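# Remarks on the overall topology
Below are the chains, spelled out letter by letter.
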Amino acid sequence: MMVAALVARLRATLGESGLLTEPGDIAPFSTDWRGLYRGRAAAVARPASTAELAETVRLCAEAGVPVVPQGGNTSMVGGAVPAGDGSEIVVTLARMNRVRGIDAIDLSITLEAGVTLKAAQDAAAEAGCLLPLSIAAEGTAQIGGVLATNAGGNNTVRYGNARDLVLGLEVVLADGSVWNGLRRLRKDNTGYCLRQLFVGSEGTLGIITAAVLKLVPRPVETEVALCAVPSPEAALRLFTRLHRADPASVQAFEYMAGTGMGFVLRHIPGAVLPLAAPSPHYALVELATPRAGAGLRAALEAALEAALEADDITDAVVAESGAQRAAIWKLREEHAEAQKREGASIKNDVSVPVSRVPDLIRRASAACAALMPGIRPVPFGHMGDGNIHFNLEQPVDMHAADFLARDHEIMDAVGEIVRDLDGSFSAEHGVGKLKPYMMPLWRGGAELEAMRRIKLALDPSGLLNPGKVLP
Ligand code: FAD
Ligand code: 2HG
Ligand code: ZN
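In short, a report on the structure.

Scoring rules and cut-offs
- Residues numbered from 1 in each chain as written.
- Chains lettered and ligands numbered in written order.
- Predicted model: local features only at pLDDT ≥ 70, side-chain atom pairs only at ≥ 80, totals over all residues.
- Heavy atoms only, no water.
- Pairing = 2+ DSSP bridges.
- Helix = DSSP H or I, 4+ residues; strand = E, 2+ residues; numbered from the N terminus.
- Donors = N, O, S within 2.8 Å, 3.2 Å for Na, K, Ca; no water.
- Buried < 20%, exposed > 50% of the residue type's maximum accessible area, 1.4 Å probe, protein only.
- Patch = residues over 30% accessible without salt bridge, like charges linked within 9 Å, V, L, I, M, F, W, Y side chains within 5 Å.
- Areas by Shrake-Rupley, 256 points an atom, 1.4 Å probe, with all protein chains shown as cover.
- Salt bridge = Lys/Arg side-chain N within 4 Å of Asp/Glu carboxyl O.
- Axes fitted to C-alpha atoms, helices over the stretch in contact; angles between N-to-C directions.
- Parallel < 35°, antiparallel > 145°, perpendicular 65-115°, else oblique.
- Left-handed = near helix turned anticlockwise from the far one by under 90°.
- Contact = heavy atoms within 4.5 Å.
- Nonpolar A, V, L, I, M, F, W, Y, C, P; charged D, E, K, R; others polar.
- Near = heavy atom within 4 Å.
- Polar contact = N/O pair within 3.5 Å; in protein donor to acceptor, adjacent residues only side chain to side chain.
- Core = buried A, V, L, I, M, F, W, Y, C linked by side-chain atoms within 4.5 Å.

### Overview of the sheet that holds strand 1 (residues 19-20)
- Ordered by their spatial adjacency, four strands build an open sheet running 1-2-4-3, and the pairing between neighbours is mixed. Sheet topology places strand 1 and strand 3 (67-70) at the edges, where each strand pairs with a single neighbour.
- Here strand 1 pairs with strand 2 (residues 43-45) via two bridges, running antiparallel. Within strand 2, the residue paired with L19 across the bridge is A45.

Here it is as structure tokens:
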């Protein structure tokens with residue numbers, strides 16, 4: 001069937017408001033947050049229910065037309081961008097945005113895929129609970145996208161990735177059939193664990209339409225500190241000190257280099273460094289507990305004092321209010337945006353064993369400086385779980401296009417060091433359209449072959465998000 005005939009059938013199924021075809025309307029769905037890719041969707045389908053989405057996928061399968069699922073379109077690897085030839089239909093989950101239920105005793109929340117992560121957090125908070133998943137894009141990223149990418153973020157050190165929070169899923173499969181696995185059981189050993197197959201599959205195995213996620217009791221004490229640290233090694237020692245003392249209270253431990261902090265202070269309105277002087281390195285610590293009277297503040301101050309005496313920190317500020325906590329977090333959360341405003345960047349979302357993070361930062365900085373004089377390393381990220389965004393900013397006097405033309409060379413140089421440190425080339429952003437070329441080197445042999453067989457079994461015609469993840 002021609003794509004035009006399919007579009008007519010989709011319009012009949014979804015109605016006028018359920019299908020976008022005007023170039024101006026579909027443009028935002030055809031490019032990515034980083035501006036690396038410009039695609040062109042044949043149309044954007046906006047189903048309002050699982051049944052409508054299932055029928056959309058069934059019609060696309062019948063017509064042999066590929067489908068690109070899209071959530072908030074915040075992918076850092078071009079995962080939700082359609083091909084440039086107008087041959088694919090984008091399916092946005094945005095209209096499927098109901099919170100279906102919350103149970104504060106079961107500690108679970110049932111959400112449609114198009115609920116933003118922020119709206120899900122707010123719904124959990126209203127019920128006196130915490131959804132312990134936090135990423136800087138949470139105002140835009142949606143539950144379906146967060147699960148399809150197995151997002152990590154700031155709380156992984158304490159609660160794990162998105163994968164660790166999923167109890168159940170509802171998924172539309174490649175032929176349009178619906179798997180309803182919206183269970184909320186803590187124990188359920190009944191064959192292969194299908195839900196974990198879809199988590200992290202980046203829209204290539206099925207379309208997530210709803211999910212049951214775990215909640216935890218809401219913290220009653222939260223403390224946030226920003227520390228100036230003399231080196232990545234010192235930051236790691238500070239992390240170890242806090243984590244050994246009470247692993248259950250370390251909600252986040254983030255590292256930032258002075259370069260990235262400088263970009264935030266320069267480009268983000270209202271950003272202010274709450275320390276006496278800039279530092280080459282920083283650590284952001286968040287401690288939290290649901291235990292009343294736990295004395296977190298005293299514990300944090302004692303740890304910071306000991307770290308100061310050991311020369312592991314040179315200065316620190318502990319937030320005195322919710323507003324100050326938010327202001328400190330803003331310095332960290334705006335890193336991606338500030339880097340974008342500074343110019344072109346090449347991103348390496350890598351992970352290594354936590355103990356090797358300082359080695360990674362030192363070795364990768366030296367390797368990149370040797371490759372390109374003037375390149376500006378901007379390492380930052382989730383040090384407590386070993387995931388550093390080893391990003392590079394273009395030299396000041398270089399053209400963005402000339403810089404970006406060398407992205408593979410630079411990513412591969414960093415990758416070589418990451419491999420040597422037993423790490424991964426993608427810690428939390430996924431593979432998307434940007435990195436399938438890396439898969440044979442990193443996941444080749446039996447692992448990649450098993451992935452291909454799974455893809456073939458669930459999507460035999462290769463219609464779900466083609467060109468993503470698998471080379
Ligand atoms: P999209 O970008 O729309 O899609 C991502 C992938 O999932 C695509 O392959 C798409 O096809 C697929 N997909 C989307 N919805 C579905 C669905 N319902 N069913 C099946 N497949 C689907 N990531 C982190 O892990 N940690 C961070 O700290 C973090 N911080 C970020 C900060 C900023 C400023 C930005 C721009 C991005 C950040 N990201 C982070 C990356 C991104 O936000 C995450 O990957 C997020 O999980 C993507 O969600 P989304 O709804 O925007 O998905
Ligand atoms: C973060 O942790 C995100 O802020 C984005 O994962 C990282 O810009 C990046 O590379
Ligand atoms: Zn991150």
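And the narrative resumes.
### A few points about the coordination of the zinc ion (ligand 3)
- For the zinc ion (ligand 3), the full set of protein donor atoms is H382 (NE2), H389 (NE2) and E428 (OE), and the range of their distances to it is 1.9 to 2.2 Å.
- When the donor residues of the zinc ion (ligand 3) are listed from N- to C-terminus, their spacing reads H-x6-H-x38-E. Here E428 lies in the loop between helix 15 (407-420) and helix 16 (439-443) and H389 lies in strand 19 (residues 387-393), a separation of 39 residues in the sequence. For the pair formed by H389 and E428, the shared burial category is buried.

### Section: a nonpolar patch on the surface
- Nonpolar side chains collect at one region of the surface, where Y192, L194, L197 and I454 lie side by side and expose about 400 Å² of accessible area between them.
- Relative to the helices and strands, L194 resides in helix 7 (residues 194-198).
- Looking at L194, the relative accessible area reads 36%, which means it is partly exposed.

### Overview of the packing of helix 8 (residues 232-245) against helix 13 (residues 357-371)
- Taken N-terminus to C-terminus, the directions of helix 8 and helix 13 make an angle of 165°; their axes are 8 Å apart at the nearest point. Classed by the angle they form, the pair helix 8 and helix 13 counts as roughly antiparallel. Seen along the crossing, helix 8 lies across helix 13 with a hand that is right-handed. Mapping the contact onto sequence places P232, E233 and L236 in helix 8 and P358, I361 and R362 in helix 13.
- Taken together, the residues of the contact of helix 8 with helix 13 sort by class into four nonpolar, no polar and two charged.

### What about the site of ligand 1?
- Contacts to ligand 1 come from 36 residues, most closely from P69, G71, G72, T74 and T149.
- Here a nitrogen atom of ligand 1 sits 3.4 Å away from a polar atom, N or O, in the main chain of G203.
- In the model, a nitrogen atom of ligand 1 is placed 2.9 Å from a nitrogen or oxygen of the I208 main chain.
- Starting from 970 Å² of accessible surface for ligand 1 in isolation, the protein chains cover 96%.
- Elements that contribute at least two residues to the shell around ligand 1 include exactly strand 3, helix 5 (143-148) and strand 10 (207-214).
- The element that contributes the greatest number of residues to the shell around ligand 1 is helix 5, accounting for four residues.
- By residue class, the composition of the shell around ligand 1 is 16 nonpolar, 18 polar and two charged.

### Here we look at the packing of helix 9 (residues 258-267) against helix 12 (residues 335-342)
- Contact pair helix 9 / helix 12: the axes reach a minimum separation of 8 Å and the direction vectors enclose 75°. In this view, helix 9 runs roughly perpendicular relative to helix 12, as classed from their interaxial angle. In this structure, helix 9 contributes G260, M261, F263, V264, R266 and H267 to the contact, and helix 12 contributes H335, A338, Q339, R341 and E342.
- Looking at side-chain class alone, the contact of helix 9 with helix 12 contains four nonpolar, four polar and three charged residues.

### Quick word on the nonpolar core
- Ranked by size, the top nonpolar core spans 53 residues in total, and within it C227, L238 and F253 carry the most contacts.
- Dropping the residues within four chain positions of it, F253 is found in contact with V157, A235, L238, F239, L242, A283, L284, V285, G381, H382, M383 and G384.

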